[in-house]
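These are the residues of each chain, in order.
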Amino acid sequence: MVALIVLIGMFPIESYSQNNKKAMKVQHTNRLAQENSPYLLQHAHNPVDWYPWGEEALQKAKNENKVILVSIGYAACHWCHVMERESFENEEIAKIMNEFFVCIKVDREERPDIDRIYMDAVQLMTGSGGWPLNCFAMPDGRPFFGGTYFRPNDWVGVLRGIQNAWLSEKNKVENVAAQISEGVRSNELIEVKSDPKLFDVDDLKSGCENWQKEFDKLEGGNNHAPKFPLPGSLQFLLRYYHASKDQSALDHVVLTLDKMAAGGIYDQIGGGFSRYSVDKIWKVPHFEKMLYDNAQLVSLYAEAYSLTKIPDYKRVIEETLAFVDRELSLPNGGFYSSLDADSEGFEGKFYVWEKSEIESVLKEDAEWFCEYFGVGEKANWEEGNILMISANKKELATKLGISTERFDEKIKKTSDKLLLKREERVRPGLDDKTLTSWNALMIKGFVDAYRALGKQEYLERAEKAMHFIETNLVKGESHLHRNYKNGVSKINAFLDDYSFTIEAYIALYQASFKEDYLIKADRLIKVVMEHFSDEKSGMFFYTSGEDPDLIARKMELLDNVIPSSNSSIAKSLFTLGTYLEKETYLERSKQMLANVYERLLKVPSYHFNWGQLFFCLANSTYELVIIGDLAVSEKQNIESLFLPNVLIAGSLTESDLPLLKNRYVPNQTSFYLCKDRSCKIPVTSVEELLDQLEEEISE
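Residues numbered from 1 in each chain as written. Predicted model: local features only at pLDDT ≥ 70, side-chain atom pairs only at ≥ 80, totals over all residues. Heavy atoms only, no water.

This part is about a negative patch on the surface. A surface patch of like charges, here negative, comprises Glu687, Glu688, Asp691, Glu694 and Glu695. Looking at the element boundaries, Glu688 is found in helix α26 (residues 686-698). (Patch = residues over 30% accessible without salt bridge, like charges linked within 9 Å, V, L, I, M, F, W, Y side chains within 5 Å. Areas by Shrake-Rupley, 256 points an atom, 1.4 Å probe, with all protein chains shown as cover. Salt bridge = Lys/Arg side-chain N within 4 Å of Asp/Glu carboxyl O. Lys, Arg positive; Asp, Glu negative; His and termini not counted. Charge placed at Lys NZ, Arg CZ, Asp CG, Glu CD. Helix = DSSP H or I, 4+ residues; strand = E, 2+ residues; numbered from the N terminus.)

Our focus in this paragraph is the packing of helix α22 (residues 565-580) against helix α24 (residues 608-618). α24 packs onto α22 with a crossing angle of 20° between their chain directions and a minimal axis gap of 8 Å. Relative to α24, α22 is oriented roughly parallel. Considering only the axes of α22 and α24, their crossing is left-handed. Residues Asn566, Ser567, Ser568, Ala570, Lys571 and Phe574 of α22 touch α24, and the partners they reach there are Asn609, Trp610, Gln612, Leu613, Cys616 and Leu617. Residues of the contact of α22 with α24, tallied by class, amount to 6 nonpolar, 5 polar and 1 charged. (Axes fitted to C-alpha atoms, helices over the stretch in contact; angles between N-to-C directions. Parallel < 35°, antiparallel > 145°, perpendicular 65-115°, else oblique. Left-handed = near helix turned anticlockwise from the far one by under 90°. Contact = heavy atoms within 4.5 Å. Nonpolar A, V, L, I, M, F, W, Y, C, P; charged D, E, K, R; others polar.)

Once that is clear, we can look at the sheet that holds strand β4 (residues 133-137). Strand order in the open sheet formed by 5 strands is β1-β3-β2-β4-β5, with mixed pairing between adjacent strands. Two strands bound the open sheet, and with one partner strand each, they are β1 (51-52) and β5 (143-147). As paired elements, β1 and strand β3 (residues 101-107) share 2 bridges and run parallel to each other. Bridge pairing in β3 links Tyr51 to Ile104. Across the sheet, helix α3 (residues 55-64) lies against β1, β2 (67-73) and β3, angled at about 155° from β3, the strand it touches most. (Pairing = 2+ DSSP bridges.)

A few words now on the pattern of salt bridges. In this structure the tally under the stated criterion is 53 salt bridges. Linking Lys433 and Glu109 is a salt bridge whose minimum nitrogen-to-oxygen distance equals 2.7 Å. Of this pair, Lys433 sits in the loop between β12 (430-431) and β13 (434-435) while Glu109 is found in the loop between β3 and α6 (112-126), placing the two residues 324 residues apart along the sequence. Each of the two residues, Lys433 as well as Glu109, counts as buried. Note that Arg326 and Glu327 form a salt bridge whose closest N and O atoms lie 2.9 Å from each other. Look at Arg326 and you get partly exposed, because its relative accessible area is 37%. (Buried < 20%, exposed > 50% of the residue type's maximum accessible area, 1.4 Å probe, protein only.)

Let us now look at the sheet that holds strand β8 (residues 289-290). Read from one edge to the other, the open sheet built from 3 strands follows the order β8-β9-β12, with strand pairing classed as antiparallel. With one partner strand each, in any of the chains shown, β8 and β12 form the two edges of the open sheet.

When the sulfur atoms of two cysteines share a covalent bond, that bond is a disulfide. Going through the model one piece at a time under the given rule, you end up with 2 disulfides. Covalently, Cys77 is tied to Cys80 through a disulfide, its sulfur atoms 2.3 Å apart. Where Cys77 bonds to Cys80 through sulfur, the torsion about that S-S bond is close to 80°, and the disulfide is right-handed. In this structure, Cys77 and Cys80 share a single accessibility class: buried. (Disulfide = S-S within 2.5 Å.)

Let us now look at the packing of helix α18 (residues 436-453) against helix α25 (residues 631-639). Contact pair α18 / α25: the axes reach a minimum separation of 7 Å and the direction vectors enclose 90°. With respect to their mutual orientation, α18 and α25 come out roughly perpendicular. On α25, the residues touching Tyr450, Arg451 and Leu453 of α18 are Lys635, Gln636 and Glu639. Taken together, the residues that form the contact of α18 with α25 break down as 2 nonpolar, 1 polar and 3 charged.

A word on the side chain of Gln163. With respect to the secondary-structure elements, Gln163 resides in helix α7 (residues 152-168). Among residues more than four places away in sequence, those in contact with Gln163 are Phe100 and Phe101.

On the surface, a nonpolar cluster with roughly 260 Å² of combined accessible area is contributed by Leu558, Val603 and Tyr606. On the basis of relative accessibility, which here comes to 48%, the residue Leu558 falls in the partly exposed class.

Our focus in this paragraph is unusual backbone geometry. Here Trp131 and Pro132 are connected by a cis peptide whose omega angle stands at 10°. Within the fold, Pro132 resides in the loop between α6 and β4. Going from Ala225 to Pro226, the amide bond is cis rather than trans, its omega being 0°. Of note, Trp282 is a non-glycine position whose phi angle comes to about 65°, a positive value. Within the element layout of this structure, Trp282 appears in the loop between β6 (276-277) and β7 (285-286).

Turning our eyes to something else, we now look at the side chain of Ser533. Take Ser533: it is sitting in the loop between α21 (516-531) and α22. Classification of Ser533 as buried rests on a relative accessible area of 15%. Among the polar contacts listed, one links the side chain of Ser533 to the side chain of Glu535, at a separation of 2.7 Å. In this structure, Ser533 is in contact with Val528, Met539, Phe540, Phe541 and Arg588, ignoring residues within four places of it in sequence. (Polar contact = N/O pair within 3.5 Å; in protein donor to acceptor, adjacent residues only side chain to side chain.)

So this is what it looks like as structure tokens:
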């Protein structure tokens, strides 16, 4: 491997500066023009002869014995745009790429299976990764060299160095490809635990203490930049606090949520979060807005609000969902994928402000508004002022001689004026494809907001989005597709598409008591068991057995910005197993957790979704049954509380669900608190039920 890198690095680099880029007099069109992905369409008129991933490109590489260049990115990726402008639109660089390589463009959001393989390969080679991802592979697809963003001169040197190595050092290239491919295949090998153990909350103490050493005690999040929100990890800490009473865990969550809500990472005018902050104080965001971030952050703030009742969390939930409805929603119910970081060629230009512009719009309200959001005569960022709460609300309200409630009304009024003014600007690009897994996360976000705030319109919006999935992304009875745009859906779903849709169905059942949602979730679980299962380990592959083979069939185990699909399926197996009394589901879930248990204890920060399942198994989850005419309305009084170890089931009428069977009493709403298939005496009021639950917890 080292020899290959040296060989490539020694090849002379010619000068291909952006200033010398030839003007494109002829409009080019390549095969990407026939694709649906907004990212691929961005490259459809490059002079590079791009192919989409598929048999045509792979066969061409084999027939002509050419190296494959797999170039991967996504529509909202800032540095992907930069490399396109600098290199992929450059006629001379494109000529080299077209002559020596079969060039394949991949949208990582549509094809995460391909992205995961080549990202693993580049991380094995370089120790890091990111997008754009550029990986060179043998004609059979095995990777041997790669990296992320390359400046034009460096890119030309890499291209010529790779071709020189291919012609003169093919044996070395072959050996490197064999080593890297084996590393990719073995990267997530699972040691099967033949005897799943009992799980104990005390086991987590050491790992959580080590994790807490990485906390930023002043600004929240981790103590380094860039800062990603990682909502799933904070949800884990809420549950850890609930189970262990470790106040420091809750304090960290509250500090982080407060700082994010006040920071530049949150759009103070239009609602919604950017993908991450480039600094330690949540001030300067990478301005792209992703559906999956906002979906999970709504769920996180909803849970935190249920526990703390901090008013700002309610505001963040409502504003973020308003943003999603306004800017990321299809008319027929689904959700788009993301908004670009750039507009008019500049990152963040759509979102920042000049003080004079604020003064022009807000007039007499401008002075206090600028004080509150940290806007001075000199811009606080290179492209303008990023709005960030910089003054104490109570103190500023007192200075203005008004209540904090009246101050909040003034903020809403002035923000709406600026939002209207902002709409006159050139908007960031919209990635208007729809992804099943991200839509499912957003559905759950709306459901969680409904459960925390009791707003019926949020549940209705979630049901509308699920109807969109069922109408456009379900093939046959229960097979899912991954993507949709303009009536076209052609990629077979991956494990996360199934797992998050199953979770969304379960959440919809819990919010509505419509049993059809549980039946549909169970159908999808059966598809997963049939087509994704690894019977040897008890885990699940990321790709279906019906899909064409890649060089490796990966398993997704680590929880990251998005939780792993295996941890998601394991949680749903537990939940459905409990609702439907399916012992095989419960045992499979327990086996999966046992397989990763040692990893969870050592590094809970990257197994946080597994940790949520851990708390269910360690604490023997309670089942709460509400049955009778007022079941749905009474449920709202309970689910607005933070009760992570309680599964709610219910019905307005008689039901054949195992937890509900033979429990309906006409003209009465009854509550049953159960644990390990043993129930307390039924009661007829929420107050009595909560008394029972408090007695149970205190024992």
